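Residue-level listing of the chains:
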Amino acid sequence: MAATQELFEGRRVLVFGVANERSIAWGITRALHARGARIALTYLNEVLEKRVRPLGAEVGAELLLPCDVSDPDQIRAVFDAVRAEWGGLDVLVHSIAYAAREEMQGRFLDTSRAGFLQAIDISAYSLVALARAAEPLFPSTGGSILTMTYLGADKAVPNYNVMGVAKAALEACVRYLAVELGGRGIRVNAISAGPIRTLAAAGGVKGLRTLLSMVGARAPLHRNVTTGDVGNAAVFLCSDLGAAVTGEILYVDGGFSITAM
Ligand SMILES: NC(=O)c1ccc[n+]([C@@H]2O[C@H](COP(=O)([O-])OP(=O)(O)OC[C@H]3O[C@@H](n4cnc5c(N)ncnc54)[C@H](O)[C@@H]3O)[C@@H](O)[C@H]2O)c1
């Protein structure tokens, strides 16, 4: 087994979901890069490109590409570029979610059809689309796919609303993909992170401050988690250390999810 500094030596890692230095995807990118990974990053649009470009430079990103996952042409262009530059791929990180702000406050009963479909499309179906595009690029020795989920998939969390439904769909996608890709040695897992103040969480999750203080007080470890904590768990799941783990939802939440009262 390789020393931990070498776990990703020469491994080609494609990351979707870096928006800025607070992004969970950035915590994962840094953790894998520190252990030798070669990095490709995507960004949603030109506004975010300005934030992501300097981060890419920090980790010597070999590719920096636009990708809105609701557009199949943009997905195809990313994987064509990866094939041309690297000839293959070892790790795919999916750290993307979106629901319209108005769908994440007020009554879940009032979720619009369009808002429901958009949340599922961007936050869950995109994993299937990216996994399908990545499959032929993984070597015969296999590879690893990682996505990000949240407790709201499993329990009703105030205001999480349609995103909870999208995360439940995402977690089911992880299991179906794990079964179908397992024969190719491709593992598919999710990390269920505790709340972290990121762009998406601060802008989308109403009552984030209360959630953070409640989790910090009640979690068995008496603290909130960081993107560094998530990155370290990603090292385990995406490297050979996690070679026998697939279809798993790994909670990185200070233990909050095991508690009741
Ligand atoms: N922050 C938390 O508390 C928390 C907890 C558990 C899980 N998560 C999950 O972690 C993942 C990353 O979120 P984050 O908290 O780091 O926030 P973030 O805002 O840093 O990342 C969300 C990313 O999704 C991308 N995105 C949105 N719509 C997209 C689209 N159409 N095409 C391509 N990319 C798109 C954004 O550009 C951004 O990079 C999400 O799946 C989120 O649900 C977050």
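Throughout what follows, the structure given in this document is the object of discussion. All of these numbers come straight from a predicted model, not from anything done at the bench. Position labels on residues start from 1 in each chain and follow its written sequence. Since the coordinates come from a predicted model, pLDDT governs what is reported: local features require at least 70, and pairs of side-chain atoms require 80 or more to be given and counted, while whole-chain, interface and lining totals use all residues. Only hydrogens and water are set aside when side-chain values are computed; all heavy atoms of the structure are taken into account.

Salt bridges are defined by distance alone: a side-chain nitrogen of Lys or Arg within 4 Å of a carboxyl oxygen of Asp or Glu. Using the criterion set out here, one finds seven salt bridges in the structure. Of the charged contacts, one joins Asp240 and Arg11 as a salt bridge, the two residues approaching to 3.1 Å between their closest N and O atoms. With Asp240 in the loop between α8 (227-238) and β7 (249-252) and Arg11 in the segment before β1 (12-16), this pair connects stretches of sequence that are 229 residues apart. Three exposure classes are used, based on accessible area relative to the maximum for each residue type with a 1.4 Å probe and protein chains only: buried under 20%, partly exposed in between, and exposed over 50%. We classify Asp240 as partly exposed; its relative accessible area is 39%. Residue classification places Arg11 among the partly exposed positions, given a relative accessible area of 22%. A salt bridge links Arg53 to Glu49; the nearest nitrogen and oxygen atoms lie 2.7 Å apart. Here the residue Arg53 and the residue Glu49 both occupy positions in helix α2 (residues 46-58), the gap between them amounting to four residues, near one helical turn. Using a relative accessible area of 18% as the deciding quantity, one classes Glu49 as buried. Under the DSSP-based scheme used, a helix requires at least four consecutive residues in state H or I and a strand at least two consecutive residues in state E, with every element numbered from the N terminus.

This brings us to the packing of aromatic side chains. Any Phe, Tyr or Trp ring, taking Trp's six-membered ring, that has another such ring centre within 6.5 Å forms a pair; planes under 30 degrees apart are called stacked, those over 60 apart edge-to-face, and the others tilted. This structure, assessed with the given rule, holds two aromatic pairs. Ring centres 6.1 Å apart and planes at 20 degrees place the aromatic pair Phe16 and Phe79 in the stacked group. Here the residue Phe16 occupies a position in strand β1, and Phe79 occupies one in helix α3 (residues 72-86), the gap between them amounting to 63 residues. The exposure class of Phe16 is buried, given its relative accessible area of 0%.

On to helix α4 (residues 113-134), then. An expected span of 1.5 Å times one less than the residue number is assigned to each helix. Taking 1.5 Å per residue as the helical rise, α4 with its 22 residues ought to reach 32 Å, and the 30 Å between its terminal C-alpha atoms agrees with that figure. To get the bend at any residue, fit one axis to the seven residues that end at it and another to the seven that begin at it, then take the angle between the two axes. Of all the bends in α4, the greatest measures close to 45 degrees and is centred on Tyr125. A contact between two residues is defined here by any heavy atoms of the two lying within 4.5 Å. The elements touched by buried residues of α4 are β1, α3, β4 (91-94), β5 (143-149) and α5 (161-181).

What follows concerns the site of the ligand. It suffices for a single heavy atom of a residue to lie within 4 Å of a molecule or strand for the residue to be listed as near it. Taken together, the neighbourhood of the ligand is formed by 27 residues, with Gly17, Ser23, Lys167, Ile196 and Thr198 sitting nearest. The side chain of Ser23 places a nitrogen or oxygen atom 2.6 Å from an oxygen atom of the ligand. Where accessible areas are quoted, they stem from the Shrake-Rupley method and a 1.4 Å probe; at the residue level, only the protein chains shown are allowed to cover. Contact with the protein chains hides 92% of the accessible area of the ligand, taken as 810 Å² for the molecule alone. Looking at the shell around the ligand, the elements that each hand over two or more residues are β5 and α6 (199-204). In terms of residue count, the dominant contributor to the shell around the ligand is α6 (three residues). Tallied by class, the residues present in the shell around the ligand amount to 19 nonpolar, six polar and two charged. Pairs of N or O atoms within 3.5 Å make up the polar contacts considered here, provided that, within protein, one atom can donate a hydrogen while the other can accept it, and that residues adjacent in sequence are counted only when both atoms are side-chain atoms. Following the grouping adopted for this structure description, the nonpolar residues are Ala, Val, Leu, Ile, Met, Phe, Trp, Tyr, Cys and Pro, the charged ones are Asp, Glu, Lys and Arg, and the polar ones are all others, Gly among them.

Spatially, seven strands are ordered β3-β2-β1-β4-β5-β6-β7 in an open sheet, and the strand pairing comes out parallel. At either margin of the open sheet sits one strand with a lone partner, and together these are β3 (63-66) and β7. Put simply, the sheet's adjacent strands are angled 20 degrees from each other on average, direction ignored. With respect to the sheet, α2 is in contact with β2 (38-43) and β3, its orientation differing from that of β2 by roughly 175 degrees. Lines fitted to C-alpha atoms define the axes, with helix axes restricted to the stretch in contact, and inter-axis angles between N-to-C directions lie between 0 and 180 degrees. Strand contacts of α5: β4, β5, β6 (186-193) and β7, with the helix running at about 170 degrees to β5, the strand carrying the most contacts. At least two bridges found by DSSP between two strands are what make those strands a pair.

To continue, consider α8. Every α-helix carries 3.6 residues per turn, so stepping three or four residues along brings you back to the same face. The end-to-end C-alpha distance of α8, which contains twelve residues, comes to 16 Å, matching closely the 16 Å that a straight helix rising 1.5 Å per residue would cover. Burial analysis of α8 places nine of its twelve residues in the buried class, which makes it a mostly covered element.

Of all hydrophobic cores here, the largest spans 36 residues; its most connected members are Leu14, Phe16, Phe79, Leu89, Leu92 and Ile145. Within the residue set of this core, elements represented by two or more residues are β1, β3, α3, α4, α5 and β6. Here the element with the most residues in this core is α4; it accounts for seven residues. With sequence-adjacent residues up to four places away left out, Leu89 is seen in contact with Arg12, Val13, Leu14, Phe79, Val82, Ala134, Leu137, Phe138 and Pro139. In this text, buried Ala, Val, Leu, Ile, Met, Phe, Trp, Tyr and Cys residues form a nonpolar core when linked through side-chain atoms within 4.5 Å. If you look at the next biggest cluster of nonpolar residues, it comprises 34 residues, including Ala25, Ala234, Val235 and Leu237.

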